[in-house]
Protein chains: 2
Amino acid sequence: MSKILTVGTVAFDEIMTPFGETGKILGGSASYISMAAKKMTEQVGIISVIGHDFPSDFLQKFIDRDIDISGIEKLDNEKTFYWKGKYHNDLNKRDTLVTEVNCLAHFKPVVPDAYKDAEFLMLGNLHPAIQQSVIDQMTTRPKLIALDTMNFWMDTAWDDLMTVLKNIDILIINDEEARQLSKDYSLVRAAKTIQAMGPKYLIIKKGEHGALLFHGKNIFFAPALPLEDVFDPTGAGDTFAGGFIGKLAQLEDISFNAMKNAVICGSNLASFTVEEFGTKRLESLTKPEIKERLQDFIHLTQFEIELV
Amino acid sequence: MSKILTVGTVAFDEIMTPFGETGKILGGSASYISMAAKKMTEQVGIISVIGHDFPSDFLQKFIDRDIDISGIEKLDNEKTFYWKGKYHNDLNKRDTLVTEVNCLAHFKPVVPDAYKDAEFLMLGNLHPAIQQSVIDQMTTRPKLIALDTMNFWMDTAWDDLMTVLKNIDILIINDEEARQLSKDYSLVRAAKTIQAMGPKYLIIKKGEHGALLFHGKNIFFAPALPLEDVFDPTGAGDTFAGGFIGKLAQLEDISFNAMKNAVICGSNLASFTVEEFGTKRLESLTKPEIKERLQDFIHLTQFEIELV
């Protein structure tokens, strides 16, 4: 099993849904990515930044799961990144109520020596120049570099984004982001445009409508598991990315066929994350539960047909 | 191969999309259903009604394809049902500009003797009491009765709809209709509620996001084929239904596994219909083209995974 390095936020989230609201709970892309990846593989390390107000019992959640937090820097004069959001009744839309960037404004990721040769690098949503700075610190080129980004960086840091896209292997974004990045409504045409920007592979996440994996002319589709209730969608996309990269690290294989498995695995883990607030379900999730739900995905999607 | 009887509209459509507009072309649920079903199986008959203004070359399209139109009644004092609609730029929404019910107001379906023993009955979207009147005329209970309906009948003919739902096997509707019928946003819960109304099977069509097949606790999902361009979505849902029922008639099998195949087949045919205006693509579609695209569906959805 290969080593994974993930770079992203470790933060406070405060979430309001029709089912209730949380206080400040553990959030951030690197939290979901690392916990999901760790379900699949052994060595997972985080690079992130926190403030003086970050509780030790939140850090303990990573330590308890044997996730390497030696790359999490604590800034004593800053507060932790904080996001507060409220979901609409159908849970498909949300409004951001508060974003306090805090310590993240001073984030200069330093790759620990032990991770400069990581085989898998997962760059969570951050300024593209910061994402590039992590790539530049790797002493050996990772087998696979995956990157997430968002509309905000397309609006404010286009040139930096174009630079980092040339240096990665797979971009993992949602449908709205793919449309903005490509300036094309058709996701199939968007995928061609985006692959021409650099990444040879592209995953377009469509939330409850599943995810598409593109590579040249090959397309694979993984549905989201149809659920009776979605309790809190926060972190589903990052869980998907973590499960995806974790499965590839477990398989030590980055072929298109391995990526099919990895997409299903990401969708599987994401289906758990939405069952409870924040990282709660991911924290309690066991391997037998994952395996059992994988059977649901097989029943949901696999068929035998005669070509007549 | 089993006999299929389909009941629905044979009509004029006039369609405006960002790519152009048609004059009055052949439309109507029974047109799409029968043409799609006929790609899969041999004996397909239509029950419908047309007016004096319906051109003989439109009827000839059915005759050329060996679709039995002995059940299409012509009303000499009425005009043909006419619908005009305009699609928005993303083709996901449309506005109805004109609906002229015309001859459809006088539609009293009469099942020809040769179809009173049809094994498969596909009831296109019509007043539920009219749909029920067709069921009542069958001398032997069909192996499978499938039904489409719409929000309008839920608003205006609820009791009649509840009656006919008790007498069918499978309901084929879209997500919005499923939510209105069940009064539930969650499609998984909606499926339970709707199955309790009568149909043991339920298909929920999600347009470009594919279709879900429900039966008790079993769920199967067929994606829509990701396409570079959708030219005209009109008739995609009816094509899906026709392909679905046509495949079951071909297989002479109504097991859940056969229905998986049939859902994929419906999705396959629908992916062609949206490539040109109206029934045009369906008219020219060949069996080798269908078979080739079925391979695309297999590549899109099938994977091999180890349960570890």
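Residues numbered from 1 in each chain as written. Chains lettered and ligands numbered in written order. Predicted model: local features only at pLDDT ≥ 70, side-chain atom pairs only at ≥ 80, totals over all residues.

Novice: Hey, could you go over the relation of the copies chain A and chain B for me, with residue numbers and the actual values?
Specialist: For the pair chain A and chain B, the relating rotation is 180°, the translation along its axis is 0.0 Å, and the fit reaches an RMSD of 0.0 Å. The operation mapping one copy onto its partner corresponds to a two-fold rotation axis. With an isologous cut-off of 70% or more, the 100% of interface residues of chain A that recur at the interface of chain B puts this contact in the isologous class. (Least-squares fit on C-alpha atoms with pLDDT ≥ 70 in both. Contact = placed C-beta atoms within 7 Å.)

Novice: Break down the sheet that holds strand β6 (residues 68–75) of chain A for me, with residues and values.
Specialist: Residues and elements named next belong to chain A. The strand order β6-β5-β1-β9-β10-β11-β12-β13-β14 describes an open sheet built from 9 strands, whose pairing is mixed. A single partner strand is all that each edge strand has here, and the edge strands are β6 and β14 (218–222). For this sheet the average axis-to-axis angle between neighbouring strands, irrespective of direction, equals 15°. Looking at chain direction, strand β9 (residues 120–123) and strand β10 (residues 144–147) are connected through 4 bridges and run parallel. Opposite L123, over in β10, you have L147 as the bridge partner. Of the strands in this sheet, β11 (170–174) and β12 (201–205) touch helix α6 (residues 175–182), which is tilted by about 115° from β11. (Pairing = 2+ DSSP bridges. Helix = DSSP H or I, 4+ residues; strand = E, 2+ residues; numbered from the N terminus. Axes fitted to C-alpha atoms, helices over the stretch in contact; angles between N-to-C directions.)

Novice: Explain the nonpolar core residue by residue, including any values.
Specialist: Formed by 188 residues in total, the largest nonpolar core has its most connected members in A146, I245 and V263 of chain A together with A146, I245 and V263 of chain B. Contacts of I245 of chain B, omitting those with residues within four sequence positions, involve I4, A37, F120, M122 and A146 of chain B. (Core = buried A, V, L, I, M, F, W, Y, C linked by C-beta atoms within 7 Å. Buried ≥ 20, exposed ≤ 12 C-beta atoms within 10 Å, placed from the backbone.)

Novice: I'd like a description of the packing of helix α8 (residues 236–251) of chain B against helix α9 (residues 256–273) of chain B, backed by residues and values.
Specialist: Residue and element names in this part refer to chain B. The interhelical angle for the contact between α8 and α9, taken along N-to-C directions, is 140°, at an axis separation of 7 Å. The orientation of α8 with respect to α9, classified from their angle, is oblique. With respect to the hand of their crossing, α8 and α9 are arranged in right-handed fashion. Of α9, the residues touching α8 (which contributes A236, T239, F240, A241, G243, F244, K247, L248 and L251) are A258, N261, A262, V263, C265, G266, S267, N268, L269, A270 and T273. Across the contact of α8 with α9, the residue classes break down as 12 nonpolar, 7 polar and 1 charged. (Parallel < 35°, antiparallel > 145°, perpendicular 65-115°, else oblique. Left-handed = near helix turned anticlockwise from the far one by under 90°. Nonpolar A, V, L, I, M, F, W, Y, C, P; charged D, E, K, R; others polar.)

Novice: Break down the packing of helix α3 (residues 128–137) of chain B against helix α5 (residues 158–165) of chain B for me, with residues and values.
Specialist: Residues and elements named next belong to chain B. Axis separation between α3 and α5 bottoms out at 8 Å; the angle between their running directions is 30°. Classed by the angle they form, the pair α3 and α5 counts as roughly parallel. In this structure, α3 meets α5 at a crossing whose hand is left-handed. Two secondary-structure elements touch here, α3 through P128, A129, Q131 and Q132 and α5 through D160, L161, T163 and V164.

Novice: So what's going on with the environment of P142 of chain A? Which residues, and what values?
Specialist: Residues and elements named next belong to chain A. Positionally, P142 belongs in the loop between α3 (128–137) and β10. On the basis of neighbour count, P142 is assigned to the buried category, with 22 C-beta atoms found within 10 Å. If sequence neighbours within four positions are ignored, P142 has contacts with A118, E119, F120 and L121.

Novice: Outline the confidence of the model for chain A, supporting the account with residue identities and numerical values.
Specialist: Per-residue pLDDT for chain A averages 96, and the proportion of residues at 70 or more is 100%. Across the predicted assembly, pTM comes out at 0.95 and ipTM at 0.93. (pLDDT = per-residue confidence, 0-100.)

Novice: How would you summarise the pairing of strand β2 (residues 11–17) of chain B if you had to cite specific residues and measurements?
Specialist: All names here are of chain B. The element β2 is extensively covered by neighbouring structure, given that 5 of its 7 residues are classed as buried. Bridge analysis of β2 against strand β4 (residues 25–27) gives 3 bridges, and the strand direction is antiparallel. Paired with A11 across the two strands is G27, which belongs to β4. In this sheet, strand β7 (residues 82–87) lies alongside β2 in parallel orientation, the contact comprising 5 bridges. Paired with D13 across the bridge in β7 is W83. As paired elements, β2 and strand β3 (residues 20–21) share 2 bridges and run antiparallel to each other. From the neighbouring strand, T17 faces β3, where its bridge partner is G20. Here β2 hands over to β3 after 2 residues, the two strands then running antiparallel side by side.

Novice: Give me the lowdown on the sheet that holds strand β5 (residues 44–51) of chain B, citing residues and values where you can.
Specialist: All names here are of chain B. Pairing is mixed in the open sheet, where 9 strands are placed in the order β6-β5-β1-β9-β10-β11-β12-β13-β14. Pairing within the sheet leaves two strands with one partner each, and these edge strands are β6 (68–75) and β14 (218–222). Going across the sheet, the axis of each strand differs from the next one's by a mean of 15°, ignoring polarity. Note that strand β12 (residues 201–205) and strand β13 (residues 211–215) share 5 bridges and pair antiparallel. Along β13, the bridge assignment pairs I203 with L213. In the packing of helix α6 (residues 175–182) onto the sheet, contacts are made with β11 (170–174) and β12, and the angle to β11 comes to roughly 115°.

Novice: Before we move on, can you summarise the interface of chain A and chain B with the specific residues and values?
Specialist: Contact with chain A, which involves 27 residues of that partner, is made by 27 residues of chain B. Elements represented by at least two residues in the side of chain A that touches chain B include exactly α7 (187–196), β14, α9 (256–273) and α11 (287–301) of chain A. Of the residues forming the side of chain A that touches chain B, the biggest block, 4 residues, is contributed by α11 of chain A.

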